[in-house]
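Structural overview
Letter by letter, the chains look like this.
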Amino acid sequence: MKTALVTAGTSGTGRAIAERFAKEGIAVAITSRDTDKAAIAAEEIAAAYGVICRGYALDQFEEASILALYDELEADGMLPDALVLNAADLGIGMDALTVSAQDFARVITTNIVGEFLLIREATVRHMIGQGKGAAVMIGSNTSRRAIRNRSAYCASKGGLVSLAKALALDFGGYGIRVNAVLPGSIHSERWEALDEDTLTAKRARVPIGREAYPADIAEAAYFLASDAAASISGTELVVDGGVDAQLFPGV
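One structure accompanies this document, and this report is about it. Source: prediction; values computed, not measured. Numbering of residues starts from 1 in each chain and follows the order in which that chain's sequence is written. The predicted origin of the model limits local features to residues at a pLDDT of at least 70 and limits the giving and counting of side-chain atom pairs to 80 or more, whereas totals for whole chains, interfaces and linings rest on all residues. Side-chain measures were taken over the full set of non-hydrogen atoms in the model, leaving aside hydrogen atoms and water.

With that out of the way, let us pick up the pattern of salt bridges. Whenever a carboxyl oxygen of Asp or Glu lies within 4 Å of a side-chain nitrogen of Lys or Arg, that contact is scored as a salt bridge. Counted according to the given criterion, the structure contains 16 salt bridges. Arg203 is the partner of Glu211 in a salt bridge, and the nearest nitrogen-oxygen pair spans 2.8 Å. When salt bridges that share partners are traced, they join Arg144, Arg145, Lys165, Glu236 and Asp244 into one network.

Okay, here's the thing in structure tokens:
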């Protein structure tokens with residue numbers, strides 16, 4: 001593995017994933033809708049780990065933006081041997097009774113169509129030629145256990161699991177592996193603002209007693225992209241502290 005592409009790699013889980021690859025001396029390309037933000041984060045990662053890291057603009061909803069990204073990657077010699085697709089439209093607060101077709105479709109297009117095109121471009125432009133490659137989609141355990149008012153998001157994450165299986169078959173003959181990581185709750189800045197009672201209640205719903213951290217997701221993504229997972233394709237790795245295993249939450 002020589003170069004990794006991590007979408008939405010400037011902060012949070014995406015940043016942790018990008019740093020996990022950089023830690024191994026792998027060149028990293030990261031994306032953001034904000035070009036300046038991508039450039040700053042790339043400079044920080046490059047300085048911290050002594051690797052090549054470059055930031056690129058990407059709006060995953062727009063096919064033209066995806067194609068422009070790959071044109072830039074190709075020109076920079078940064079076409080990915082591995083890609084981790086972390087960007088997503090959450091579609092928070094979408095009432096299934098009132099959500100517009102346009103808003104619903106935006107989530108599906110961003111989360112499924114966008115990731116399909118990102119993998120296909122990497123495959124056609126680079127991975128087929130070298131006879132190997134790996135793609136990891138960051139999905140969600142909501143593809144298996146839904147939450148309210150996110151019907152489009154849950155549907156899109158379920159679609160990603162099926163897409164990973166389909167592409168694992170379509171691209172497997174070229175030596176390309178496709179898998180998905182399904183996180184549950186991930187510790188973020190929003191958790192820092194929660195009061196102690198709320199934190200205790202949230203953690204009580206997780207069998208191991210704590211939420212995942214970005215580094216946990218990064219380890220899973222790196223494993224599936226690495227040669228250590230050379231025989232793993234078309235499957236999903238759930239990283240949610242055991243939430244998916246339980247019928248009813250509680251202590």
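With six of six residues buried, strand β2 (residues 27-32) lies mostly within the body of the structure. A simple rule labels every residue: compare its accessible area, found with a 1.4 Å probe on the protein chains alone, to the largest value its type can have, and call it buried under 20%, exposed over 50%, or partly exposed in between. In this text, helices come from DSSP runs of H or I with a minimum length of four residues, and strands from runs of E with a minimum of two, each type numbered from the N-terminal end. Of the two faces of β2, the one carrying Ala27, Ala29 and Thr31 and the one carrying Val28, Ile30 and Ser32 are both buried. Relative to β2, strand β1 (residues 3-6) runs parallel, the two being bridged by four bridges. Within β2, the residue paired with Leu5 across the bridge is Ala29. Taken together, the five bridges between β2 and strand β3 (residues 53-57) define a ladder with parallel strand orientation. Within the sheet, the bridge partner assigned to Thr31 lies in β3 and is Tyr56. In this description, strands pair whenever DSSP reports at least two bridges between them.

Turning to the packing of aromatic side chains, a few remarks are in order. Two rings from Phe, Tyr or Trp (for Trp, the six-membered ring) form a pair when their centres are within 6.5 Å of each other. A pair whose planes differ by under 30 degrees is stacked, one over 60 is edge-to-face, and the rest are tilted. Taken as a whole, this structure holds one aromatic pair when the rule is applied. Considering the side-chain rings of Phe21 and Tyr222, the 5.2 Å spacing of their centres and the 70° angle between planes classify their relative orientation as edge-to-face. Note that Phe21 is positioned in helix α1 (residues 12-23) and Tyr222 in helix α8 (residues 214-225), a separation of 201 residues in sequence. Directly above the aromatic system of Tyr153 lies the positively charged group of Arg150, at a separation of 5.8 Å from the ring centroid. The criterion for a charge sitting over a ring is simple: Lys NZ or Arg CZ within 6 Å of the ring centre, and within 35 degrees of the ring normal. The side chain of Lys202 reaches across the aromatic face of Trp191, ending 4.7 Å from its centre.

Note that every value here comes from positions in space, so none of it alone points to a role or purpose.
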